Amino acid sequence: MRFEADTEIGADAERVWALLVDVARWPEWTASVSRAERGESGPLAVGATARLTQPKLRPAVWRVTELTEGREFTWVSDTPGVRTRGPG
């Protein structure tokens, strides 16, 4: 299954990117993440990980698999029998 959505944001791309890659602060601005912990310090990059806790879901570790600086990133989370891939 594939699901896509677009949203217009009244901010410049650099500001949006800075908020998006600051994964540890996601709980401050989205109700879909109650806790986020980066697996390592430094800028978000391919191979970087984060453990997310989301309402009604088990905590999951996500690993960045693709990243286009200033534009987008993709990450995956593997649980027994299920691989979830999503945009950051």
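Here's the deal with the pairing of strand 5 (residues 82-87)
Sheet topology note: the strand 4 (residues 72-79)/strand 5 ladder contains 6 bridges and is antiparallel. Along strand 5, the bridge assignment pairs Val76 with Arg85. What sits between strand 4 and strand 5 in their antiparallel hairpin is a turn of 2 residues, with Gly81 showing a positive phi close to 85°.

Regarding unusual backbone geometry
Backbone geometry places Lys56, a non-glycine residue, at a positive phi of 70°. Of note, Lys56 is situated in the loop between strand 2 (49-53) and strand 3 (60-68).

Let's talk about the layout of surface pockets
The volume enclosed by the largest pocket comes to roughly 1,900 Å³. Every residue lining the largest pocket is counted, 45 residues in all, and those nearest its centre are Leu20, Phe73, Gly86, Pro87 and Gly88. Only helix 1 (13-21), strand 3, strand 4 and strand 5 provide two or more residues apiece to the lining of the largest pocket. Per-element tally for the lining of the largest pocket: the top contributor is strand 4, with 6 residues. Per-class residue counts for the lining of the largest pocket are 23 nonpolar, 12 polar and 10 charged.

Quick word on the pattern of salt bridges
Here the structure, examined in full by the defined rule, presents 5 salt bridges. A salt bridge links Arg35 to Glu37; the nearest nitrogen and oxygen atoms lie 3.0 Å apart. According to the relative accessible area criterion, Arg35 is partly exposed, its value standing at 48%. When its relative accessible area of 32% is taken as the criterion, Glu37 is described as partly exposed. Its salt-bridge partner being Arg38, residue Glu40 comes within 3.6 Å of it at the nearest N-O pair. We classify Arg38 as partly exposed; its relative accessible area is 22%.

What counts and how
Residues numbered from 1 in each chain as written. Predicted model: local features only at pLDDT ≥ 70, side-chain atom pairs only at ≥ 80, totals over all residues. Heavy atoms only, no water. Pairing = 2+ DSSP bridges. Helix = DSSP H or I, 4+ residues; strand = E, 2+ residues; numbered from the N terminus. 1 Å grid on protein atoms, 1.4 Å probe; cavity = no way out; pocket = protein on both sides within 12 Å on 5 of 7 lines; lining within 4 Å. Points joined across faces, edges and corners; volume = space filled by probe spheres on them. Nonpolar A, V, L, I, M, F, W, Y, C, P; charged D, E, K, R; others polar. Salt bridge = Lys/Arg side-chain N within 4 Å of Asp/Glu carboxyl O. Buried < 20%, exposed > 50% of the residue type's maximum accessible area, 1.4 Å probe, protein only.

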